[in-house]
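Fold and geometry: a report
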Amino acid sequence: MPGRAGPGARCPGWQEEEEIPDGEGPGDSEDPGDSGDPGCATHAYELLQSALCQEGLPRTLDRSAEPRTGFGPLDMTVCVLGSPTAFLPVLLEGGTRCPGAMVLCLSPTWASRVPSETSPGAWSLLLSRGVSFDVGGHSTLDTFVPPRRANYVTGTFVTGGPESGWVGELAGDLDCPTGGSVPLARRLEDPLVTRWVLAAHAGLPVPPTLAFVLGPRGDLPRELVAPGVQLVRLEDPQDQEKLVQEEVGTFLGGTAMEPYSQVTVRLAGWRWRGTDARSTHRKEEGVAVAQAVGARLRGLREEDSVLLEALVPTARLPAPPPRSPAPRLPVALRICTLVCRSWGDRPQLCQVACAVGRAEVPVRHGATLPQGLDSSLQQWGVVAPGQRQALATRLRVAAEAAMAALLATEAELSPQQRGGTRARTDILGVDFLLACVDDTLELVALSTNSQRCLETCLLAEAMGRAVGEPPGDLPRLLAEAMLHRAQCHLVEGKDILLIGAGGISKSFVWEAARDYGLRIHLVESDPEHFAAELVETFLPYDSREHRRDEEHAERVTELVRARGLRPHACLSYWDDCVVLAALVCQHLGLPGNPPAAVRVAKQKSRTHQHLQRCHRGHPPPSAFAVPCHRLQSHQDVERAVGTVPFPAVAKLEFGAGGVGVRLVENTEQCHAHATQLWRDLRDDTDHPGIGLGWGNAMLLMEYVPGTEHDVDVVIFNGRLVGAWVSDNGPTRVPAFLETAACLPSCLPADRQAQLVRAALRCCLACGLRDGVFNVELKLGPGGPRLLEINPRMGGFYLRDWIQEVYGPDLLLAAVLVALGVSPVLPARPIARTHLVGVMCLGSEHGEVLGGGGGLETLRVLQGRGLIRLNRLFEAAAGAGAYEEPCLSVACDGGTRAEATLRLLGLCQALGIDSPRYPVQHFLSHFK
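About the criteria used
Residues numbered from 1 in each chain as written. Predicted model: local features only at pLDDT ≥ 70, side-chain atom pairs only at ≥ 80, totals over all residues. Heavy atoms only, no water. Helix = DSSP H or I, 4+ residues; strand = E, 2+ residues; numbered from the N terminus. Rg over C-alpha atoms; globule rule 2.2 N^0.38 Å. Buried < 20%, exposed > 50% of the residue type's maximum accessible area, 1.4 Å probe, protein only. Contact = heavy atoms within 4.5 Å. Areas by Shrake-Rupley, 256 points an atom, 1.4 Å probe, with all protein chains shown as cover. Lys, Arg positive; Asp, Glu negative; His and termini not counted. Charge placed at Lys NZ, Arg CZ, Asp CG, Glu CD. Phe/Tyr/Trp six-rings, centres within 6.5 Å; stacked < 30°, edge-to-face > 60°. Lys NZ or Arg CZ within 6 Å of the ring centre and 35° of its normal. Pairing = 2+ DSSP bridges. Axes fitted to C-alpha atoms, helices over the stretch in contact; angles between N-to-C directions. Parallel < 35°, antiparallel > 145°, perpendicular 65-115°, else oblique. Left-handed = near helix turned anticlockwise from the far one by under 90°. Nonpolar A, V, L, I, M, F, W, Y, C, P; charged D, E, K, R; others polar. 1 Å grid on protein atoms, 1.4 Å probe; cavity = no way out; pocket = protein on both sides within 12 Å on 5 of 7 lines; lining within 4 Å. Points joined across faces, edges and corners; volume = space filled by probe spheres on them. Polar contact = N/O pair within 3.5 Å; in protein donor to acceptor, adjacent residues only side chain to side chain. Salt bridge = Lys/Arg side-chain N within 4 Å of Asp/Glu carboxyl O. Core = buried A, V, L, I, M, F, W, Y, C linked by side-chain atoms within 4.5 Å. Arc of directions from axis to C-beta.

Here we come to the overall build of the protein chain. Counting secondary structure elements, the protein chain contains 26 helices and 34 strands. On C-alpha atoms alone, the protein chain measures out to a radius of gyration of 31 Å, which is about the 30 Å that the 2.2 N^0.38 rule sets for 927 residues. Its C-alpha atoms put the protein chain at 100 × 70 × 55 Å along the principal axes. Taking all 927 residues of the protein chain together, the buried fraction comes to 57%. Look at the contacts in the protein chain between residues 6 or more apart in sequence, and 68% of them connect residues 24 or more apart. For the protein chain, the computed accessible surface area is about 37400 Å², with 52% contributed by carbon and sulfur atoms. Counting 87 positive and 107 negative side-chain charges, the protein chain places the averaged centre of each group 3 Å from the other.

Here you go:
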């Protein structure tokens, strides 16, 4: 095959005018697409082989003669339609993350559309053939019998390409998430539409632009108001020459044009993508400019426009003396950015590439090979590293703001305008110019596109690998985004049996279940629970006496079957119900951890005693265990003294929320605390939700010095899939109630790695191989020591914080694992912000929050996005020594110091900080 077929040599998006394949494949090659369109499929297939060869990867293995079967509703399929090279790095990365999930469709005969069974009026896309990608860059040509249903679809929607017609037809009006469409691609390729959005909704500078359009142009607002963009609507351009001349004259003489000396006139709209139908004029040539506009107005269509725009020059910066006496020609710098819709539908900048060209000609994609931003800025004279970093940060903010604005306006379009109810832009290219405005550097947004920046950035990354640069993040970020959206679709409509509803702190579950399309069937002890109206099926059953969980599991199973329910998964996020959920999974034959493993993790003394017997591995799990002794009587206290040194920690064996935990200095204090606790906390009615349904046995464990941390882990089939470390502030000794927390952790990476490995080793040693678990540890000079394992998703604010800082949702991860599916999570999670929070207590802050109006103030601040407020209980929980926090208040910031300062100021202003509750001391660990 010709060398041009590989992605490194042939990159149509970088060449403004794309090369049109001639449809003639090599005569002596095997024809994998000989099923009605031999030219299309064969040519695309050979392009793929050439691209794989240039990457040093093996040719695609043809297994089409042996149909693959057995794909079911829990199998993930990400389908890429069209060009074999545009998404190749993403397909390869996705094949490594989820082998077999990425499928490339090269021909319209390889797929079919059938009416959707779940979304009336929509279609399901079924693949009968495709190229699947696996670990190590291996690919196979497969036939699927029966056809394989797509969970996510994207492709080359750019108009004018050889496959754009059939790609758009197959991807229209699908019932699964679709990463783009032909209508959305055309919208992105229209500079008038996107400049209006970027200027009016993202607040970005754009070149001063005067646009002429015909008729109403339904894709534009009736009254277009955007800084730098003026719109003139013409009924008949033939009879409105005078109006055109007046508008051109006013624009050229306006204040917006004062800094500029040249203008360009061009036709714009998606059909003009890649053309050079433009002319350049000096600003003083008003008559010639008006004539140029008038000439292009002739034959104008309704979806097109004529743009008169300032030719914005690239900023001229002081440059070092030339090495040669030869004249230095003025040049222009175009900055290409690629943004994707990442976790939580948030825009994330993936990569930046720059192009340099002659100043008198607009720098276009394909004018030159791409280069990096930092080296380009140095070449331009931005010498100070801090200044270059500040510009890179401004560029990231601008690019992500551009995508956020485009997504917001896109959401207001009708399904027909979007190309389907589920069609959304997931990958966006935004081009910028580095200009100089009022002696300061300014990023001017030029245009957007649906694919050119993708191919440009992939080309830049491929070029970097050729000179030994490490692989970039671009393919990984895009693959993760696609796989994540496919998994969100995978869980839609699944029946989830949920054991235990919890309190107000778990209210997010019902909203999340609705957003993910889950059908929740809830087993709950409280027949009046507020969640009864929020779930598909409410099954009241009193399981509060958890020492009878085997009996409860049989009753719940009978109840589920009597209702005719056939849940796909069963789980619990409520601490009391984790063993019951494991038993129900076992009875129903659903995926889950063995009940014995959950019992070991649930009972704190059994956890440590079990780990102390685990001596295999390096280091062995026993290295993280702490000496402890179960206390059921005062005689047990005397026996424990010989094995547990003082000072020690006395707490409930099955406790939760830190209730009843106390530091004891000697035997007498231990006896006194046990007497008080056994008197006050006897069963679940004394303090619901803290584990008294298991009894009120205690344990005495050695006090571990150091800082306290939560490690939330996602484990699938014994493999760590994701982990997040958060820090806790100092507790109010002698109690151990949580006071403050921060995320991300302050610890260096190697110390965080110690905690994560310790958490994983402890979970696996206890037999917890599948699930989302919260592990509490202390970190001292000698390394991590385990406090306890919570065999369920982290409580309080943790799910909310992790989603805000890193993007992934622990609830979705828990559902996927319960379904038997490995969640796709960020391989290299990067914090988007820093959160620092403080707990509030009814005893300390009840008056401030209630009568003082503090709670209402916090709600207002939360509504404005200035704080994060997590309600833990509707009213103060417990009293005195058994009190639990009622809410968590957190502030974010670009740095931990900024977030800490904001939080401290808020707490001082509202009266949360006091001599009895010194917030500054609680935040002192976060440095």
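So, next bit.
Omega for the bond connecting valine 145 with proline 146 falls within 30 degrees of zero, at -5°, which places this linkage in the cis form. Along the chain, proline 146 turns up in strand 6 (residues 139-149). Of note in the backbone geometry, arginine 217 takes a positive phi value of approximately 50° without being a glycine. Within the element layout of this structure, arginine 217 appears in the loop between strand 9 (209-214) and strand 10 (229-234). With relative accessibility at 5%, the residue arginine 217 sits in the buried group.

Structurally, alanine 256 is set in the loop between helix 6 (241-252) and strand 11 (262-268). Overall, the relative accessible area of 37% leaves alanine 256 in the partly exposed class. In sequence terms alanine 256 and proline 207 are 49 residues apart; their C-alpha atoms lie 9.1 Å from each other.

For the rest of this paragraph, the subject is the packing of aromatic side chains. For the coordinates displayed, the defined rule picks out 5 aromatic pairs. Taking the centre distance of 6.5 Å and the plane angle of 45° together, the rings of tyrosine 703 and phenylalanine 736 count as tilted. With tyrosine 703 in the loop between strand 26 (698-702) and strand 27 (707-716) and phenylalanine 736 in the loop between strand 28 (719-728) and strand 29 (740-743), the pair connects residues that are 33 residues apart, well separated along the chain. When its relative accessible area of 16% is taken as the criterion, phenylalanine 736 is described as buried. Aromatic side chains tyrosine 917 and phenylalanine 922 sit 4.8 Å apart centroid to centroid with 75° between the ring planes, which places their arrangement in the edge-to-face category. With relative accessibility at 2%, the residue phenylalanine 922 sits in the buried group. Positioned over the ring face of phenylalanine 144 is arginine 148, at 5.2 Å from the centre of the ring. Above the face of the tryptophan 270 ring, arginine 271 is positioned so that its terminal group lies 4.8 Å from the ring centre.

In this section: the sheet that holds strand 20 (residues 519-524). Taken in spatial order, the 4 strands of this open sheet run 21-20-19-22, and their pairing is parallel. Both edges of this open sheet fall to strand 21 (537-540) and strand 22 (569-571), since each of them pairs with a single strand only. Within this sheet the neighbouring strands show an average axis-to-axis angle of 20°, counted without direction. Direction of pairing for strand 20 relative to strand 21: parallel, over a ladder of 4 bridges. What sits directly across from valine 523, in strand 21, is leucine 539. Along the sheet, helix 14 (residues 549-562) makes contact with strand 19 (495-499), strand 20 and strand 21, crossing strand 21 at roughly 145°.

At a closest axis distance of 10 Å, the pairing of helix 8 (residues 373-380) and helix 9 (residues 385-411) adopts a crossing angle of 125°. Considering their axes alone, helix 8 and helix 9 lie oblique with respect to each other. The handedness of the crossing between helix 8 and helix 9 comes out as right-handed. Side by side, helix 8 and helix 9 meet where Leu373, Asp374, Leu377 and Gln378 of the first sit next to Arg388, Leu391, Ala392 and Leu395 of the second. For the contact of helix 8 with helix 9, the per-class residue count stands at 5 nonpolar, 1 polar and 2 charged.

A few words on empty space enclosed by the protein. Here the structure, examined in full by the defined rule, presents 9 cavities of 30 Å³ or more. One number sums up the size of the largest cavity: a volume of about 340 Å³. Breaking the lining of the largest cavity down by element, the ones donating at least two residues are strand 22, helix 15 (578-588), strand 30 (771-780) and helix 22 (810-819). A volume near 150 Å³ is recorded for the second largest cavity. Along its surface, the second largest cavity is lined by 17 residues, and Phe157, Gly179, Gly180, Ile427 and Ser450 are the ones closest to its centre. Of all the secondary structure elements, the ones that give two or more residues to the lining of the second largest cavity are strand 7 (152-155) and helix 4 (182-188). In the lining of the second largest cavity, the residues fall into 8 nonpolar, 8 polar and 1 charged.

Next up on the list: the layout of surface pockets. What the second largest pocket holds in volume is close to 1100 Å³. Together, 41 residues line the second largest pocket, and Asp515, Tyr516, Arg799, Gln803 and Asp809 are the ones closest to its centre. Put simply, the parts of the chain that give the lining of the second largest pocket at least two residues each are strand 16 (423-424), helix 12 (474-491), helix 13 (508-516), helix 21 (798-806) and strand 33 (868-871). Per-element tally for the lining of the second largest pocket: the top contributor is helix 12, with 6 residues. Counted by class, the lining of the second largest pocket contains 13 nonpolar, 10 polar and 18 charged residues.

This brings us to the side chain of threonine 409. Mapped onto the elements, threonine 409 comes out in helix 9. A polar contact of 3.0 Å, which involves the side chain of threonine 409, links it to the backbone oxygen of leucine 406. In this structure, threonine 409 is in contact with Arg187, Val197 and His201, ignoring residues within four places of it in sequence.

What follows is about the pattern of salt bridges. Summed over the entire model, instances satisfying the criterion amount to 47 salt bridges. A salt bridge links arginine 341 to aspartate 426, with the shortest nitrogen-to-oxygen separation between them at 2.8 Å. Residue arginine 341 is located in strand 14 (residues 331-341), and its partner aspartate 426 is located in the loop between strand 16 and strand 17 (427-437); the two are separated by 85 residues in the primary sequence. The residues arginine 341 and aspartate 426 share a single accessibility class, namely buried. One salt bridge connects lysine 604 with glutamate 788, and the closest N-O pair in it is separated by 4.0 Å. Here lysine 604 is found in helix 17 (residues 604-612), whereas its partner glutamate 788 is found in strand 31 (residues 783-790), with 184 residues between them in sequence. When its relative accessible area of 6% is taken as the criterion, lysine 604 is described as buried. In this structure, a network of salt bridges that share partners links the residues Arg97, Asp473, Arg476, Glu480 and Arg828.

Counting 82 residues, the largest nonpolar core has Trp510, Ile520, Leu522, Val714 and Val889 as the members making the most contacts within it. With 10 residues, the single largest contributor to this core is helix 22. Non-local contacts of valine 889, meaning those with residues more than four positions away in its chain, are made with Val836, Gly837, Val838, Cys840, Leu858, Ile867, Arg868, Leu869, Leu903 and Leu906. Residues Leu92, Phe157, Ala353 and Leu477 belong to the second largest nonpolar core, which totals 65 residues.

Within the span of helix 23 (residues 842-849), buried status applies to Glu844, His845 and Leu849. Down the axis, helix 23 shows its buried residues gathered within 95° of arc, on one side only. Counted as exposed and oriented over 90 degrees from the buried face of helix 23: Ser843 and Glu847. Looking at the buried side of helix 23, the elements it contacts are strand 32 (834-840), helix 24 (854-863) and strand 34 (887-893).

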